[in-house]
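Secondary and tertiary structure notes
Chain by chain, the residues run as shown.
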Amino acid sequence: MSFATRFAPSPTGPLHLGHAFSALLAHDMAGAAGGRFLLRIEDIDHSRARPKWETQIYDDLAWLGLSWPTPVMRQSDRQPAYDAALDELWARGLLFPCTCTRADIAAATAAPQEGAPLLGPDGVIYPGTCRARHTGPRPRDVALRLNMGRAARDGEFAETGAVPGAVRFTASDLIDGVGDVVLARRGMGTSYHLAVVLDDAAQGITHVVRGTDLAEATRIHVLLQQLLGLPTPVYHHHRLIRDDAGRRLAKRDDARALSKYRAEGATPADIRRRVGLDDGLA
Ligand code: GLU
(Lines give C-alpha, C1' and ligand atoms only; values in the text may rest on other atoms or scores of the structure.)
Protein backbone atom coordinates (compact mmCIF):
# COMPACT_ATOMS: atom_id res chain seq x y z
CA MET A 1 0.00 0.00 0.00
CA SER A 2 1.39 3.41 -0.83
CA PHE A 3 2.47 5.70 2.00
CA ALA A 4 -0.16 8.08 3.36
CA THR A 5 0.16 10.25 6.43
CA ARG A 6 -1.76 13.14 7.92
CA PHE A 7 -1.65 16.17 10.16
CA ALA A 8 -4.75 16.38 12.34
CA PRO A 9 -4.94 19.65 14.29
CA SER A 10 -7.87 20.72 16.46
CA PRO A 11 -9.01 24.28 15.64
CA THR A 12 -9.10 25.34 19.27
CA GLY A 13 -6.21 27.78 19.28
CA PRO A 14 -3.24 28.98 17.27
CA LEU A 15 -0.76 26.52 15.78
CA HIS A 16 2.62 26.80 17.48
CA LEU A 17 6.13 25.56 16.80
CA GLY A 18 5.25 22.05 17.95
CA HIS A 19 2.49 21.80 15.37
CA ALA A 20 4.81 23.17 12.69
CA PHE A 21 7.34 20.46 13.51
CA SER A 22 4.73 17.71 13.37
CA ALA A 23 3.21 18.93 10.10
CA LEU A 24 6.57 19.54 8.41
CA LEU A 25 7.91 16.16 9.50
CA ALA A 26 4.83 14.32 8.22
CA HIS A 27 4.96 16.28 4.96
CA ASP A 28 8.69 15.55 4.55
CA MET A 29 8.18 11.84 5.25
CA ALA A 30 5.37 11.66 2.69
CA GLY A 31 7.58 13.47 0.15
CA ALA A 32 10.53 11.14 0.79
CA ALA A 33 8.30 8.06 0.40
CA GLY A 34 6.57 9.40 -2.71
CA GLY A 35 3.33 9.21 -0.72
CA ARG A 36 0.47 11.44 0.29
CA PHE A 37 0.14 14.07 3.03
CA LEU A 38 -3.45 14.67 4.14
CA LEU A 39 -4.96 17.23 6.44
CA ARG A 40 -7.80 16.54 8.85
CA ILE A 41 -9.59 19.07 11.02
CA GLU A 42 -10.37 17.53 14.42
CA ASP A 43 -13.32 19.70 15.43
CA ILE A 44 -15.44 17.30 17.49
CA ASP A 45 -15.27 19.57 20.51
CA HIS A 46 -17.91 22.07 19.39
CA SER A 47 -17.54 24.06 22.57
CA ARG A 48 -13.92 24.93 21.78
CA ALA A 49 -13.51 24.69 17.96
CA ARG A 50 -13.71 28.04 16.14
CA PRO A 51 -13.85 28.80 12.39
CA LYS A 52 -11.22 31.50 12.83
CA TRP A 53 -8.70 28.94 14.09
CA GLU A 54 -9.48 26.62 11.18
CA THR A 55 -8.84 29.47 8.74
CA GLN A 56 -5.61 30.27 10.54
CA ILE A 57 -4.50 26.61 10.29
CA TYR A 58 -4.88 26.63 6.49
CA ASP A 59 -3.09 29.94 6.30
CA ASP A 60 -0.16 28.92 8.53
CA LEU A 61 0.35 25.56 6.82
CA ALA A 62 0.28 27.09 3.34
CA TRP A 63 2.79 29.71 4.50
CA LEU A 64 5.06 26.89 5.72
CA GLY A 65 5.02 25.56 2.16
CA LEU A 66 2.74 22.57 2.73
CA SER A 67 0.05 21.43 0.34
CA TRP A 68 -2.69 18.83 0.74
CA PRO A 69 -5.62 17.47 -1.25
CA THR A 70 -9.04 19.05 -0.84
CA PRO A 71 -11.73 18.74 0.34
CA VAL A 72 -10.23 18.37 3.79
CA MET A 73 -11.82 15.82 6.12
CA ARG A 74 -13.57 17.51 9.04
CA GLN A 75 -14.70 15.48 12.00
CA SER A 76 -17.88 17.52 12.34
CA ASP A 77 -19.02 15.90 9.05
CA ARG A 78 -18.35 12.37 10.26
CA GLN A 79 -21.00 11.72 12.92
CA PRO A 80 -22.74 8.96 10.87
CA ALA A 81 -19.48 6.95 10.82
CA TYR A 82 -19.00 7.42 14.57
CA ASP A 83 -22.62 6.39 15.22
CA ALA A 84 -22.25 3.24 13.11
CA ALA A 85 -19.19 2.14 15.11
CA LEU A 86 -20.87 2.94 18.44
CA ASP A 87 -23.97 0.97 17.36
CA GLU A 88 -21.79 -2.01 16.50
CA LEU A 89 -19.84 -1.91 19.76
CA TRP A 90 -23.07 -1.43 21.72
CA ALA A 91 -24.69 -4.42 19.99
CA ARG A 92 -21.67 -6.53 20.94
CA GLY A 93 -22.11 -5.57 24.61
CA LEU A 94 -18.80 -3.71 24.74
CA LEU A 95 -20.12 -0.28 25.84
CA PHE A 96 -21.95 0.99 28.88
CA PRO A 97 -23.51 4.38 29.67
CA CYS A 98 -21.73 6.33 32.38
CA THR A 99 -23.18 9.23 34.36
CA CYS A 100 -20.25 9.68 36.74
CA THR A 101 -18.92 13.19 37.19
CA ARG A 102 -15.23 13.88 37.71
CA ALA A 103 -16.05 14.34 41.41
CA ASP A 104 -17.78 10.92 41.54
CA ILE A 105 -14.70 9.28 40.02
CA ALA A 106 -12.35 11.14 42.34
CA ALA A 107 -14.44 10.06 45.35
CA ALA A 108 -14.59 6.43 44.20
CA THR A 109 -10.83 6.24 43.66
CA ALA A 110 -9.83 8.10 46.83
CA ALA A 111 -10.14 5.17 49.25
CA PRO A 112 -7.25 5.72 51.70
CA GLN A 113 -6.15 2.09 51.74
CA GLU A 114 -5.67 2.10 47.95
CA GLY A 115 -2.95 4.76 47.81
CA ALA A 116 -2.88 7.30 44.95
CA PRO A 117 -5.41 6.64 42.15
CA LEU A 118 -3.87 4.91 39.14
CA LEU A 119 -3.42 7.09 36.08
CA GLY A 120 -3.83 5.94 32.47
CA PRO A 121 -3.60 7.81 29.15
CA ASP A 122 -6.95 9.49 29.90
CA GLY A 123 -6.29 10.34 33.52
CA VAL A 124 -7.62 8.47 36.55
CA ILE A 125 -8.49 4.87 35.68
CA TYR A 126 -12.25 4.49 35.84
CA PRO A 127 -13.32 2.60 38.97
CA GLY A 128 -16.14 0.72 37.22
CA THR A 129 -19.11 2.33 39.00
CA CYS A 130 -21.53 2.21 36.01
CA ARG A 131 -20.08 -0.88 34.30
CA ALA A 132 -23.10 -3.14 34.86
CA ARG A 133 -25.53 -0.70 33.21
CA HIS A 134 -25.82 -2.19 29.73
CA THR A 135 -29.50 -2.60 28.82
CA GLY A 136 -31.81 -1.87 25.89
CA PRO A 137 -31.01 0.31 22.87
CA ARG A 138 -27.95 2.57 22.82
CA PRO A 139 -28.78 5.71 24.82
CA ARG A 140 -27.98 9.15 23.32
CA ASP A 141 -26.65 12.18 25.09
CA VAL A 142 -24.86 10.24 27.78
CA ALA A 143 -21.19 9.26 27.93
CA LEU A 144 -20.42 5.74 26.69
CA ARG A 145 -17.43 3.86 28.03
CA LEU A 146 -15.70 0.81 26.62
CA ASN A 147 -15.90 -2.23 28.90
CA MET A 148 -12.17 -2.86 28.73
CA GLY A 149 -12.34 -6.21 30.50
CA ARG A 150 -14.56 -7.58 27.76
CA ALA A 151 -12.91 -5.72 24.90
CA ALA A 152 -9.38 -6.80 25.71
CA ARG A 153 -10.15 -10.34 26.86
CA ASP A 154 -7.50 -12.82 25.79
CA GLY A 155 -5.92 -10.31 23.44
CA GLU A 156 -2.31 -9.75 22.70
CA PHE A 157 -1.61 -6.68 20.71
CA ALA A 158 1.36 -5.44 18.74
CA GLU A 159 1.85 -1.87 17.70
CA THR A 160 4.46 -1.45 15.02
CA GLY A 161 6.39 1.77 15.15
CA ALA A 162 9.22 3.09 13.02
CA VAL A 163 10.76 4.52 16.20
CA PRO A 164 11.68 3.15 18.67
CA GLY A 165 10.46 -0.27 17.54
CA ALA A 166 7.54 -2.53 18.12
CA VAL A 167 5.76 -2.08 21.44
CA ARG A 168 3.88 -5.07 22.74
CA PHE A 169 1.13 -4.96 25.27
CA THR A 170 -1.31 -7.44 26.73
CA ALA A 171 -4.94 -7.50 27.75
CA SER A 172 -3.98 -6.88 31.38
CA ASP A 173 -1.94 -3.80 30.38
CA LEU A 174 -5.15 -2.45 28.87
CA ILE A 175 -7.42 -3.46 31.73
CA ASP A 176 -5.12 -2.32 34.55
CA GLY A 177 -3.25 0.50 32.83
CA VAL A 178 -5.95 2.08 30.64
CA GLY A 179 -9.36 1.00 31.93
CA ASP A 180 -12.85 1.76 30.62
CA VAL A 181 -12.10 4.69 28.32
CA VAL A 182 -14.83 7.03 27.10
CA LEU A 183 -15.72 6.41 23.43
CA ALA A 184 -18.59 8.90 23.26
CA ARG A 185 -18.61 12.04 25.35
CA ARG A 186 -21.90 13.52 26.48
CA GLY A 187 -22.98 16.23 24.06
CA MET A 188 -20.24 15.29 21.58
CA GLY A 189 -21.39 11.96 20.11
CA THR A 190 -17.88 10.54 19.89
CA SER A 191 -14.46 10.90 21.51
CA TYR A 192 -10.95 11.63 20.34
CA HIS A 193 -9.98 7.93 20.48
CA LEU A 194 -12.89 6.62 18.44
CA ALA A 195 -12.84 9.44 15.90
CA VAL A 196 -9.11 9.28 15.26
CA VAL A 197 -9.19 5.52 14.64
CA LEU A 198 -12.16 5.68 12.27
CA ASP A 199 -10.81 8.70 10.44
CA ASP A 200 -7.31 7.31 9.97
CA ALA A 201 -8.87 4.19 8.45
CA ALA A 202 -11.27 6.19 6.26
CA GLN A 203 -8.39 8.31 4.95
CA GLY A 204 -6.26 5.22 4.24
CA ILE A 205 -3.50 6.41 6.59
CA THR A 206 -0.54 3.99 6.58
CA HIS A 207 1.78 6.06 8.83
CA VAL A 208 0.68 8.16 11.80
CA VAL A 209 3.21 10.87 12.63
CA ARG A 210 2.50 12.62 15.94
CA GLY A 211 4.12 13.62 19.23
CA THR A 212 5.23 11.29 22.01
CA ASP A 213 2.53 12.87 24.18
CA LEU A 214 0.09 10.61 22.31
CA ALA A 215 2.22 7.45 22.47
CA GLU A 216 0.32 6.06 25.46
CA ALA A 217 -3.00 6.54 23.69
CA THR A 218 -1.81 4.39 20.81
CA ARG A 219 -2.59 1.22 22.78
CA ILE A 220 -6.23 2.29 22.85
CA HIS A 221 -6.16 2.98 19.13
CA VAL A 222 -4.66 -0.42 18.29
CA LEU A 223 -7.30 -2.15 20.41
CA LEU A 224 -10.11 -0.23 18.68
CA GLN A 225 -8.68 -1.11 15.26
CA GLN A 226 -8.74 -4.79 16.22
CA LEU A 227 -12.29 -4.58 17.58
CA LEU A 228 -13.56 -2.80 14.47
CA GLY A 229 -11.60 -4.84 11.92
CA LEU A 230 -9.49 -1.89 10.78
CA PRO A 231 -5.82 -1.94 9.75
CA THR A 232 -3.20 -0.68 12.20
CA PRO A 233 -0.91 1.96 10.66
CA VAL A 234 2.77 2.34 11.52
CA TYR A 235 3.12 4.84 14.38
CA HIS A 236 5.98 7.30 14.44
CA HIS A 237 5.94 9.27 17.69
CA HIS A 238 8.27 12.22 17.41
CA ARG A 239 10.00 14.29 20.09
CA LEU A 240 8.17 17.30 21.49
CA ILE A 241 9.20 20.89 20.95
CA ARG A 242 9.80 22.59 24.28
CA ASP A 243 10.17 26.17 25.40
CA ASP A 244 13.41 27.53 26.84
CA ALA A 245 12.43 26.29 30.31
CA GLY A 246 11.94 22.75 28.93
CA ARG A 247 8.14 22.85 29.11
CA ARG A 248 6.12 21.31 26.33
CA LEU A 249 4.30 23.91 24.20
CA ALA A 250 0.53 24.11 24.58
CA LYS A 251 -2.20 25.76 22.52
CA ARG A 252 -2.55 28.53 25.08
CA ASP A 253 1.15 29.26 24.65
CA ASP A 254 0.47 32.15 22.29
CA ALA A 255 4.06 33.31 22.64
CA ARG A 256 5.10 30.46 20.34
CA ALA A 257 2.24 30.87 17.88
CA LEU A 258 3.40 30.58 14.29
CA SER A 259 1.47 33.73 13.44
CA LYS A 260 3.60 35.60 15.96
CA TYR A 261 6.83 34.42 14.34
CA ARG A 262 5.39 35.37 10.96
CA ALA A 263 4.46 38.83 12.19
CA GLU A 264 8.01 39.27 13.46
CA GLY A 265 9.40 38.54 9.98
CA ALA A 266 10.49 34.88 10.37
CA THR A 267 10.63 32.79 7.19
CA PRO A 268 9.51 29.16 6.81
CA ALA A 269 13.24 28.26 6.70
CA ASP A 270 13.69 29.95 10.09
CA ILE A 271 10.87 27.81 11.50
CA ARG A 272 12.46 24.63 10.11
CA ARG A 273 15.75 25.59 11.71
CA ARG A 274 14.07 26.54 15.00
CA VAL A 275 12.47 23.06 15.32
CA GLY A 276 15.66 21.26 14.29
CA LEU A 277 14.43 19.92 10.99
CA ASP A 278 17.49 21.00 9.08
CA ASP A 279 19.80 19.09 11.43
CA GLY A 280 18.35 15.63 10.95
CA LEU A 281 16.99 15.68 14.53
CA ALA A 282 13.56 14.26 13.73
N1 GLU B 1 -6.05 16.47 17.15
C2 GLU B 1 -4.95 16.05 17.96
C3 GLU B 1 -4.22 17.29 18.49
O4 GLU B 1 -4.39 18.37 17.95
C5 GLU B 1 -3.94 15.20 17.22
C6 GLU B 1 -4.42 13.82 17.04
C7 GLU B 1 -3.45 12.84 16.41
O8 GLU B 1 -2.48 13.24 15.73
O9 GLU B 1 -3.71 11.65 16.55
O10 GLU B 1 -3.49 17.15 19.44
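The structure this text deals with has already been given above.
Everything in this summary refers to the structure shown in the same document. Every value quoted in this text rests on a predicted model; they were computed, and no experiment measured them. (Residues numbered from 1 in each chain as written. Predicted model: local features only at pLDDT ≥ 70, side-chain atom pairs only at ≥ 80, totals over all residues. Heavy atoms only, no water.)

Focus on the sheet that holds strand β1 (residues 4-7)
Rules: Two strands make a pair as long as DSSP finds a minimum of two bridges between them. By definition, any uninterrupted DSSP run of H or I lasting at least four residues is a helix, any uninterrupted run of E lasting at least two residues is a strand, and each is numbered from the N terminus. Here a residue-residue contact requires only that any non-hydrogen atoms of the pair lie within 4.5 Å. Axis angles are defined between N-to-C directions and span 0 to 180 degrees, where every axis is a line fitted to C-alpha atoms and, for a helix, only to the segment in contact.
Spatially, the three strands line up as an open sheet ordered β1-β2-β3, and their pairing is parallel. Two strands bound the open sheet, and with one partner strand each, they are β1 and β3 (73-74). Judged from the two bridges that link them, strand β2 (residues 36-41) and β3 form a sheet pairing that is parallel. Within the sheet, the bridge partner assigned to Ile 41 lies in β3 and is Arg 74. Sheet strands touched by helix α1 (residues 17-32): β1 and β2. Its angle to β1, the strand with the most contacts, is close to 165 degrees. Contacting β1, β2 and β3, helix α2 (residues 51-64) runs over the sheet at an angle of about 160 degrees to β2.

Considering the packing of aromatic side chains
To be explicit about the condition: Planes of paired rings set the category: under 30 degrees apart is stacked, over 60 is edge-to-face and the rest tilted, where pairs are Phe, Tyr or Trp rings (Trp by its six-membered ring) whose centres lie within 6.5 Å. Burial classification: accessible surface area is computed with a 1.4 Å probe over protein chains only, and a residue below 20% of its type maximum counts as buried, one above 50% as exposed, and the rest as partly exposed. Counted as over-ring charges are cases with an Arg CZ or a Lys NZ within 6 Å of the ring centre that also lie within 35 degrees of the ring normal.
Applying the stated criterion across every chain, the model contains three aromatic pairs. With a centroid separation of 6.4 Å and 25 degrees between ring planes, the pair formed by Tyr 58 and Trp 68 is classed as stacked. You can see Tyr 58 sitting in helix α2 and its partner Trp 68 sitting in the loop between α2 and β3, a full 10 residues away along the chain. The class for Tyr 58 is partly exposed, based on a relative accessible area of 24%. Assessed through its relative accessible area of 18%, Trp 68 is described here as buried. We note Lys 52 situated over the ring of Trp 53; from NZ or CZ to the ring centre the distance is 4.3 Å. The positively charged end of Arg 239 is found above the aromatic ring belonging to Phe 21, 4.4 Å away from the centroid.

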